[in-house]
Amino acid sequence: MAKKGLLIVLSGFSGAGKGTLIRKLMEAHDHYVLSVSMTTRSPREGEQEGREYFFTDEAHFTEMIDRNGFLEHAVYSGNHYGTPRAFVEEQLTAGKDVLLEIEVQGALQVKERFPEALLIYVVTPTVAELRRRLEGRGTESAEAIARRLKRAADESDTLASYEYIVINDDVTRCAEEIHGIVQGARCATARNADFMEEMRKALHAAFDH
Ligand code: 5GP
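About the thresholds
Residues numbered from 1 in each chain as written. Predicted model: local features only at pLDDT ≥ 70, side-chain atom pairs only at ≥ 80, totals over all residues. Heavy atoms only, no water. Axes fitted to C-alpha atoms, helices over the stretch in contact; angles between N-to-C directions. Helix = DSSP H or I, 4+ residues; strand = E, 2+ residues; numbered from the N terminus. Parallel < 35°, antiparallel > 145°, perpendicular 65-115°, else oblique. Left-handed = near helix turned anticlockwise from the far one by under 90°. Contact = heavy atoms within 4.5 Å. Polar contact = N/O pair within 3.5 Å; in protein donor to acceptor, adjacent residues only side chain to side chain. Pairing = 2+ DSSP bridges. Expected span 1.5 Å × (residues − 1). Buried < 20%, exposed > 50% of the residue type's maximum accessible area, 1.4 Å probe, protein only. Arc of directions from axis to C-beta.

### Remarks on the packing of helix 1 (residues 18-28) against helix 7 (residues 171-186)
Next up, step 1: Remark: helix 1 packs on helix 7, axes separated minimally by 9 Å, with the N-to-C direction vectors making an angle of 65°. Regarding the angle of helix 1 to helix 7, the classification is roughly perpendicular. The hand of the helix 1/helix 7 crossing is right-handed. Where helix 1 abuts helix 7, its residues Thr-20, Leu-21, Lys-24, Leu-25 and Ala-28 lie against Val-171, Thr-172, Cys-174, Ala-175, Glu-176, Ile-178 and His-179.

### Focus on the side chain of Thr-56
Next up, step 1: Note on placement: Thr-56 falls in the loop between strand 4 (53-55) and helix 2 (58-66).
Next up, step 2: Of note is the side chain of Thr-56, whose polar atom sits 2.8 Å from the side chain of His-60.
Next up, step 3: Sequence-distant contacts of Thr-56, that is, excluding residues within four places in its chain, are made with Met-38, Thr-39, Thr-40 and Phe-61.

### Quick notes on the sheet that holds strand 9 (residues 164-167)
Next up, step 1: Taken together, the 5 strands give an open sheet; going across it, the order is 2-7-1-8-9, and neighbouring strands pair in parallel fashion. The two strands at the open ends of the sheet, each matched to only one other strand, are strand 2 (32-34) and strand 9. Here the average twist between neighbouring strands, direction ignored, is 30°.
Next up, step 2: For strand 8 (residues 118-123) and strand 9, the ladder comprises 4 bridges, and the chain directions are parallel.

### Some remarks on helix 6 (residues 142-155)
Next up, step 1: For helix 6, spanning 14 residues, the distance from its first C-alpha to its last is 20 Å, which sits close to the expected 20 Å at 1.5 Å a residue.
Next up, step 2: Turning to helix 6, its buried residues number three or more, namely Ala-144, Ile-145, Leu-149, Ala-152 and Glu-155. Down the axis of helix 6, the buried set is contained in an arc of 140°. They therefore lie on one face. Along helix 6, exposed side chains directed more than 90 degrees from the buried face belong to Ala-142, Glu-143, Arg-147 and Lys-150.
Next up, step 3: Considering only its buried residues, helix 6 is in contact with strand 1 (7-12), helix 4 (104-113), strand 8 and helix 5 (127-136).

### Considering the pairing of strand 7 (residues 97-101)
Side chains on a regular strand alternate between the two faces of the sheet.
Next up, step 1: For strand 7, the buried fraction is high: 4 of the 5 residues fall into the buried class.
Next up, step 2: Here strand 1 pairs with strand 7 via 4 bridges, running parallel. Looking at strand 7, one finds that Ile-8 is bridged to Leu-99.

See below:
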């Protein structure tokens, strides 16, 4: 029996470096795949349809909700974001470990529907470093940066559902730390219940006389 893949939710402060961590993980290990979300926000410069997001409108997004096409969905800064269900389920069945880069409300929905999902939250080593990274991007107004910092403060109140916090002080080290967490979780009893049940039955069928 093939083992199913793990569902891995990666959230974190805006500016904590989730995108870079995901790229590192996928470069280093070929069993990870990234789920591309659907959103109603407009593409930013350089973003490509189907790479960063599937860009869509409110009507299509609502239709997706109605036909249960999302694993989870949430509103963030006035825009809708959702994880298309079919891709994730196919990849898990194929044994891939699927990464979702989503915010906290969505992460909590995933945990409710898939208790075996692994929830990891990425932070910067210090508040000063978080501010430095956001300012260093040079792409956003002081107001937008202040909004992101305020959101980080709010999110820091609601992290109890995350099993793991990783500190992104060095991207290569942190990516390997995440990989270590995933490797450990793959062996956890709760995440192997189906596999062990099948083995248990096979053992009894073969050796109970
Ligand atoms: P951005 O617009 O900056 O790309 O993303 C804004 C926020 O939405 C980020 O925190 C990102 O992780 C989150 N996000 C992206 N895709 C999804 C999704 O499918 N579901 C949820 N719940 N959040 C998402």
